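Summary of the model geometry
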Amino acid sequence: MSNVVGRMRDALRGEHRIDADTLLTRLNAVRRFLDTTDGYLPDERLVTAHTLVERAGSRLALSRDHTVVALAGSTGSGKSSLFNALARLDLSPVGVRRPTTGVAHACVWGPLAGATKLLDWIGVLPRHRFVRESALDADDESALHGLILLDLPDFDSVQRSHRLEVDRLLGLVDLVVWVVDPQKYADRVVHESYLRQFRRHRDVTVVVLNQVDRLPPAELPRVLADLRRLLDTDGLDGVPLLATAAVDQAAIGELRATLERTVAGRQAALRRLSGDVDTVVAGLTELVAAEPGAGEVDRESRRTLAAALGDVAGVPAVAGATEEAYRHRAAGATGWPVVRGWRRLRPDPLRRLHLTGAAPAEEESESLVAATSVPDPTATQRSAVGLAVRAVAERAGTGLPAPWPAAVTAAARSRQADLPDALDRTVAGTDLGLGRQPVWWRLVGGLQWLVTLTALAGLLWLVAGYALRALGLPPPDNPTVGVVPLPTLLLLGGLLAGVLVAVLVKPVIRWAAGRAGRRARKRLDAAVAGVGEEYVVTPVQEVLSCYAQARTALAEAAARN
Amino acid sequence: MPAAIVKSDLSHPDATLPTPAGGEANGHRGRQLFGLPDSGTLYPVTTHGDDASAPGAPPVVPGNHPPVPNPGRTATTPGKGQPAELPAALTGLRAAVGAARFPLALPSAEPARRDAAGLTAQLDDYLLPRLARLDAPLLVVVGGSTGAGKSTLVNSLVQARVSAAGVLRPTTRSPVLVCNPADSSWFRSGDLLPGLTRTGEPSEDPRTLQLVAAPALRPGLAFLDAPDIDSVVDANRALAGQLLAAADLWLFVTTAARYADAVPWELLRTARARGTVTALVLDRVPTGAADEITAHLGEMLTANGLGTAPLFVLPETVVDGQGMLPEWTVAPLRDWFGQLAADAGARDAVVRQTLDGALAALQPAVAGLAAAADEQVTAAEALDERVRAAYRNAHRTVEQGLRDGRLLRGEVLARWQEYVGTGELFRTLEARIGRLRDRVLAAVSGRPAPAAELRTAIESQLVTLLRGVAAEAAEHAHTGWRAHPAGAALLTPELTRPSAELTERAERLVRDWQRGVLELVRIEGGDKRFVARTAAYAVNATGLAVMIAVFASTAFIPTGLEVATGAGTTVAAQAVLQAVFGDQAVRTLATRARADLLDRVTALLDGEAARYLERLAEVEATTGTPEALREAGARVEGARTRARLTTAAVEGVDP
């Protein structure tokens, strides 16, 4: 048996002490994990974590000077007998009728007052609370001062309510003493439903083989070894395993000593919660298993997205219309004044789309931007946007563990319904560069007027000459340039220059229109890409950053030091 | 010190079972304890059912007499009219159950699979062999919790160490069958429990059955020491269940510490539902606790409909050097079995009652399987519909995309304008020379001729549309399945997106369609003179015009907006075509070309949907399962009623 004691000592002392501040840091990290992943992860995966955060807060706020120890086990294993033997009083009714104990009983060593709140929280009815006042006893009870011993109902009888009660209480206590007996120590329900769930709570688990008085003394080591083997299979290697018999005070001395050490250490509550954090972290690790990527949506998907959005927004059409409108307006401004008016009869391509081509005035920026008449997107264009958004989500979600890719996709889509309106507003609000007439239009326009006026002056001069001649008056001597009279030169030269300017300016306008179209396209593309960033990429990046934060938080929660 | 308490009257309310000697109904009701207070070595306790369930309740005999089987109340042989009907019906059921599959991961599927396996095993292990040999020895299966003392009890009953007992749990891992040497040939033959290998040696392998001949045991009765039902060793539990299903009589052993455990009670209820004749042993009762525990257990038995099962109470004692219980504790139990063994009629009655109960229990079990199979079919239909709805939507989107002519805008339109604008259409329609010039032009400018570009544009537009709708449909189908428990289990990650070769297939589709359109024009215009005049190349251009017309067939009268954005040029296409072919021919051509395209799209989307639907193929193969099961179940039930295995069925109420 000495090796058992040795192992028990290892289990209780080998572990270094748990610092309350470290535990709080870990619990806060779990809370942070829950906050950041709220809405992204399915609730049912987070239930244990939520329970832990809430429960740990309550437990740590209550008396840390008390250690709550529960006696748990199958029906008929002698929990109540052991409870009474430890208390040296008949507190919990013992019987042969199964199941005997239906509600939890508690015994407090020391004054009850300090433990009342803790017992209220645990949920032991006042009439099932007992006090073990050491003043009346010998000194040997003082070592257990601060112990709250619970006698739990069974968990394997036909009474299902008992099992529910045990499941509830096992989540609240600091240390569990599992009581098994030679008949039931290999029951499936004990190992699979209970002991196995406590494999991360090895330092707050004690297993007791009770009723050893019913075994032939020679068989005891074999049974203990078999039980130890089963415990190892359960992942509870190294937990203290004691043999007891409730009928004999001497046979529970070892258990009493273990409890005394636990109570003196004041560590059980912290160890229990620390084990809970380990369990929760282990359950959550696979949810943030993969390394976060660069946290970026790659350039290629962005470009595809911008192009698809541009098509939907009608960017090529608007850019084309801008080019046309430039040509139209430039021709209007620089054309031969005589035929300029004809232009007015043709519609302005940009106005037809309900666009001005100018930047919205400053004071109007707050006001409503009127919808454009840019043609509706086609089914193909919509498909292209759908594909592009999907591609962004897929790239960003690649390699993330299970629920995250879906969350990324949902985020990418979250504002897809607002996209058409946003794109329309963007197109309407983009400065297409046609707001101000270029200086050279005015210069050329002025030149056109000048040459036209020159021609007109020549014409008037000639007309005046004819008039004088018709009236028989001597015409004034027209100055000549070479052989050509000046008025004729003015008239013909003016007309010729006007046509010449118009012809010469035409390729310039075409070139400038092309440039204006390209500039408009560039601006529209940039604006539309901005919409894509805001409506698709940003929500995706938010999810990715939440993932990274959750991962960091969980790593922090996993760090035991 | 109380020695043993026997609660007599075997098992089932309507059983024709061993009853105490001189069995006359004496009208006792309720539970009575007849004690021999001081000398008391035996406390016979009798529980009676109510009048309805226990006609002719057996009398309680004070004193030292264990219940004696009553030869006068044995059953007649099964109806001679249909000797082969029942086995044939059972074989049919065996085939139906064996063929039943529950591939969808519905909540009911796992229990149904287990039930089907259990049913198959019961048919093979017990029902078919037992029906073939009604006079074979009675098999008593000793079952119960680990540590209840089953092996010790069997050893003590046969007065030989046949099964190892011990303190380590679970002790027994492979079953041990003890019978009289005269009966061993039947058990060795392997008709019963054919899945277990017979062996003469103790074994740890759960797939073996150790046969032990014990001369102390009377012929006609055999004990089977089964493994436990509730230890950590999973194989034990499965094997115990299988053995219980093969029992003619189940001797259920529990202890004072265990009698309220939840697991054994589930099995007891199963046995009750199955009609198995059951007797109970309450073992390891501490001194002085017998009365209280027996009373409590009796209440629990009555509450669970097992109030008439015989109950034997054994005290906690120390085993002797041989590992046997003291003789006085097991004597009542041994006597009881001795009388059962001695009385062929009583044995026969037990066999028939358990057999009849097991056969009667088949009907609800089969009905449960049929219901689960129904659920499979319904779920498969629901999943099927979700996928089809998703792809129907996709198809509708494509159809609308084609119908409202909007595909024409954008790139297709630009190319078309380019095409019409260059006047190439007319030129290619007119003469072959255009072809040469196109070639030269393309070679010089390094650009493909406009006709080729136009086709590319249509191609890319259509392919984008198809890719888009297929991606959306895949996602909808995936979402629909994920929301369904059975669907979620069938999903694999690649099902979230369309198949990898979709783009390639969509491109092929468009190219094939374009070729089809050209072929259509060739055929349609075959008798037109101009085709003779022009050449294949002209067909090319005409085909293009038809394709445009397909996308714009509503644009015979272009809307204002379409004129504004240039869709009016399709009017030009129409005009050209109509001039060449005539109005009606153009409509026909366009309609046929569109129908052709939609057919191809349907085929493509069906191919995509098949990736989901093929996962349901396994379920679709089981569409007939519920009917087959119900039919086979009804046949067994009919044959059972006609076979009249028990006296209750023959005689009705016992006078």
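Residues numbered from 1 in each chain as written. Chains lettered and ligands numbered in written order. Predicted model: local features only at pLDDT ≥ 70, side-chain atom pairs only at ≥ 80, totals over all residues.

**So, the packing of helix H17 (residues 419–429) of chain A against helix H19 (residues 486–558) of chain A**
Residues and elements named next belong to chain A. Put simply, the test is: Angles here are taken between N-to-C directions and fall from 0 to 180 degrees, while the axes themselves are lines fitted to C-alpha atoms, restricted in helices to the stretch in contact. Secondary structure follows DSSP: runs of H or I at least 4 residues long count as helices, runs of E at least 2 residues long count as strands, and numbering of each begins at the N terminus. Oblique is the label for any angle not under 35 degrees, not over 145, and not in the 65 to 115 range, which are roughly parallel, roughly antiparallel and roughly perpendicular in turn. Handedness of a helix crossing follows the sense of rotation of the near helix relative to the far helix, less than a right angle counterclockwise being left-handed and clockwise being right-handed. In this description, a residue-residue contact is defined by the distance between C-beta atoms placed from the backbone, which must lie within 7 Å. Only Asp, Glu, Lys and Arg are considered charged, only Ala, Val, Leu, Ile, Met, Phe, Trp, Tyr, Cys and Pro nonpolar, and every remaining residue, Gly among them, polar.
Viewed as axis vectors pointing N to C, H17 and H19 meet at an angle of 150°, and their least axial separation amounts to 10 Å. Relative to H19, the element H17 lies roughly antiparallel. Note on packing geometry: the crossing formed by H17 with H19 is right-handed. Between H17, through Leu419, Ala422, Leu423, Thr426 and Val427, and H19, the contact on the second element is made entirely by Leu524, Ala527, Val528, Val531 and Tyr535. Among the residues forming the contact of H17 with H19, the class breakdown is nine nonpolar, one polar and no charged.

**Notes on the pairing of strand S9 (residues 249–255) of chain B**
All names here are of chain B. We apply this condition: Three exposure classes are used, all based on how many other C-beta atoms lie within 10 Å of a residue's own C-beta (placed from the backbone): buried at 20 or more, exposed at 12 or fewer, and partly exposed between those limits. Whether two strands pair comes down to DSSP finding at least two bridges between them. Looking down the strands as they point away from the viewer, one classifies a crossover as right-handed if the path from the first strand across the helix to the second runs clockwise.
Counting buried positions over the seven residues of S9 gives seven, a clear majority of the element. Burial along S9 is two-sided: Leu249, Leu251, Val253 and Thr255 facing one way and Trp250, Phe252 and Thr254 facing the other are all buried. As judged from the five bridges shared by strand S4 (residues 138–144) and S9, these two strands associate in the parallel manner. When the sheet's bridge partners are listed, Gly144 is paired in S9 with Val253. Bridge count for S9 against strand S10 (residues 277–285) is seven bridges, and the pairing is parallel. Bridge assignment links Leu251 to a residue of S10, and that residue is Ala279. The parallel pair S9 and S10, bridged by helix H6 (residues 262–274), forms a crossover whose chirality is right-handed.

**Digging into the interface of chain A and chain B**
Contacts between chain A and chain B engage 36 residues on the former and 41 residues on the latter. If you list the elements that add at least two residues to the side of chain A that touches chain B, you get helix H7 (188–194), helix H8 (220–233) and helix H15 (379–397) of chain A. Among the elements that line the side of chain A that touches chain B, the one with the most residues is H15 of chain A, at eight residues. Here the residues of the side of chain A that touches chain B are counted per class, giving 13 nonpolar, nine polar and 14 charged.

**Things to note about the packing of helix H18 (residues 439–470) of chain A against H19 of chain A**
Residues and elements named next belong to chain A. Two elements in contact, H18 and H19, have axes separated by 7 Å at closest approach and are oriented at 155°. In terms of their interaxial angle, H18 and H19 are classed as roughly antiparallel. With respect to the hand of their crossing, H18 and H19 are arranged in left-handed fashion. Of the residues contributing to the contact of H18 with H19, the split by class is 16 nonpolar, nine polar and no charged.

**Some details on the environment of Asp606 of chain B**
Residues and elements named next belong to chain B. Along the polypeptide, Asp606 turns up in helix H20 (residues 583–613). Taking the C-beta count within 10 Å as the criterion, Asp606 has 13 such neighbours and is therefore assigned partly exposed. Note: C-alpha distance between Asp606 and Ala342 (264 residues apart in sequence) is 72 Å.

**Regarding the nonpolar core**
Residues and elements named next belong to chain A. To keep it simple, the criterion reads: The term nonpolar core refers to a group of buried residues, namely Ala, Val, Leu, Ile, Met, Phe, Trp, Tyr and Cys, whose C-beta atoms join them within 7 Å.
Val69, Ala70, Leu149, Leu150, Val318, Val392 and Val540 are the most contacted members of the largest nonpolar core, which totals 153 residues. Looking at this core, the element that brings in the most residues is H19, giving 23 residues. Those residues in contact with Leu149, other than ones at most four positions away along the chain, are Val69, Leu71, Phe83, Leu86, Ala87, Ala106 and Cys107.

**What about the sheet that holds strand S2 (residues 105–109) of chain A?**
All names here are of chain A. The strand order S3-S2-S4-S1-S5-S6-S7 describes an open sheet built from seven strands, whose pairing is mixed. Each edge of the sheet is formed by a strand with only one pairing partner; in this case those strands are strand S3 (129–132) and strand S7 (241–243). In this sheet, adjacent strand axes meet at a mean angle of 20° when their direction is disregarded. Where helix H6 (residues 160–170) meets the sheet, it contacts strand S1 (67–73), strand S4 (147–151) and strand S5 (175–180), and its direction lies at approximately 150° from that of S1.

**Points about the environment of Asp90 of chain A**
Residues and elements named next belong to chain A. Within the element layout of this structure, Asp90 appears in the loop between helix H4 (79–87) and S2. For Asp90, a count of 12 C-beta atoms within 10 Å gives the class exposed. Remark: the alpha-carbon pair of Asp90 and Ser80, spanning ten residues in sequence, is separated by 9.1 Å.

**A look at unusual backbone geometry**
Along the chain, Arg98 of chain A connects to Pro99 of chain A via a cis peptide bond; the corresponding omega equals -15°. Relative to the assigned elements, Pro99 of chain A resides in the loop between H4 and S2. Look at the link from Arg169 of chain B to Pro170 of chain B: it is a cis peptide, with omega at -15°. With respect to the secondary-structure elements, Pro170 of chain B resides in the loop between helix H3 (150–158) and strand S5 (176–179). The phi torsion at Gln159 of chain B lies on the positive side, around 55°, for a residue other than glycine. Looking at where Gln159 of chain B falls in the secondary structure, it is placed in the loop between H3 and S5. Gln159 of chain B gets classed as partly exposed once you count the C-beta atoms within 10 Å, which come to 16. Phi is positive for Arg644 of chain B, close to 45°, though the residue is something other than glycine. When you line up the elements, Arg644 of chain B lands in the loop between helix H22 (625–643) and helix H23 (647–651). When the 19 C-beta atoms within 10 Å are taken as the criterion, Arg644 of chain B is described as partly exposed.

**A look at the pairing of S10 of chain B**
Residue and element names in this part refer to chain B. In terms of burial, S10 is a largely internal element, nine of the nine residues being buried. Inspection of the sheet shows S10 paired to strand S11 (residues 311–315) by four bridges, in the parallel sense. Of the residues in S11, the one forming a bridge with Leu280 is Leu311. In this fold, S10 hands off to helix H7 (residues 290–303), which returns the chain to S11; that crossover is right-handed.

**Here we look at H22 of chain B**
Residue and element names in this part refer to chain B. Here is the rule we go by: For a helix, the expected span equals 1.5 Å multiplied by the residue count minus one.
Spanning 19 residues, H22 covers 27 Å between terminal C-alpha atoms, matching the ideal 27 Å at 1.5 Å per step. If you check which residues of H22 are buried, you get Thr625, Pro626, Leu629, Ala632, Gly633, Val636, Ala639, Arg640 and Ala643. Two residues or fewer after H22 comes Arg644, characterised by a positive phi angle close to 45°.

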